[in-house]
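# What the coordinates show
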Amino acid sequence: MSSETLLAHTHETLASANVMATELSSSLIGPTCNLVLGIQQMIVLAQLSVNRVLDQIEPQQ
């Protein structure tokens, strides 16, 4: 697999983890909810990093 393909799969995996963390946080309250929202925020930051790398990769001819 190419690096671009691996990054695309990573982005999809992070998007799924983001949805799961968001759903989980909606059923929690207090410190536990805040912990899950912190994890969700780290997932979003990882997604942004992957997006930035994907934007810098030239499409393969």
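Before reading further, recall that the structure is shown in the block above.
Residues numbered from 1 in each chain as written. Predicted model: local features only at pLDDT ≥ 70, side-chain atom pairs only at ≥ 80, totals over all residues. Heavy atoms only, no water.

So, about the overall build of the chain. When helices and strands are counted, the chain shows two helices and zero strands. For 61 residues, the compact-globule formula gives about 10 Å, and the C-alpha radius of gyration of the chain, at 14 Å, lies well above that figure. Pairs at least 24 residues apart make up 69% of the contacts formed inside the chain by residues separated by at least 6 positions. With an accessible surface of roughly 4,600 Å², the chain has 61% of that area assigned to carbon and sulfur atoms. (Helix = DSSP H or I, 4+ residues; strand = E, 2+ residues; numbered from the N terminus. Rg over C-alpha atoms; globule rule 2.2 N^0.38 Å. Contact = heavy atoms within 4.5 Å. Areas by Shrake-Rupley, 256 points an atom, 1.4 Å probe, with all protein chains shown as cover.)

Here we take up the nonpolar core. In terms of nonpolar packing, the biggest core is built from six residues, these being Leu7, Leu14, Ala21, Val36, Ile43 and Val50. Elements represented by at least two residues in this core include exactly helix H1 (3-26) and helix H2 (30-56). (Core = buried A, V, L, I, M, F, W, Y, C linked by side-chain atoms within 4.5 Å. Buried < 20%, exposed > 50% of the residue type's maximum accessible area, 1.4 Å probe, protein only.)

As for its position among the elements, Gln40 is in helix H2. By relative accessible area, which is 18% here, Gln40 ends up buried. Within the local environment of Gln40, its side chain forms a polar contact with the side chain of Asn18, the two groups lying 2.7 Å apart. Discounting residues that sit within four places of it in the chain, Gln40 has contacts with Asn18, Ala21 and Thr22. (Polar contact = N/O pair within 3.5 Å; in protein donor to acceptor, adjacent residues only side chain to side chain.)

Moving on, we get to the side chain of Asn18. Here Asn18 is to be found in helix H1. On the accessibility criterion, Asn18 (16% relative accessible area) is buried. Beyond its immediate chain neighbours, meaning those up to four positions away, Asn18 contacts Gln40, Ile43, Val44 and Gln47.

If you check H1, its first and last C-alpha atoms are 35 Å apart, about what 24 residues at 1.5 Å a residue would give, namely 34 Å. Here H1 has its buried residues at Leu7, Leu14, Asn18, Ala21 and Ser25. Each element contacted by the buried residues of H1 is listed here: H2. (Expected span 1.5 Å × (residues − 1).)

Moving on to the environment of Thr5. Mapping Thr5 onto the fold places it in helix H1. With relative accessibility at 31%, the residue Thr5 sits in the partly exposed group. Residues Thr5 and Val19, spaced 14 residues apart in sequence, show a C-alpha to C-alpha distance of 21 Å.

Geometric descriptors of this kind do not, in isolation, establish any biological role.
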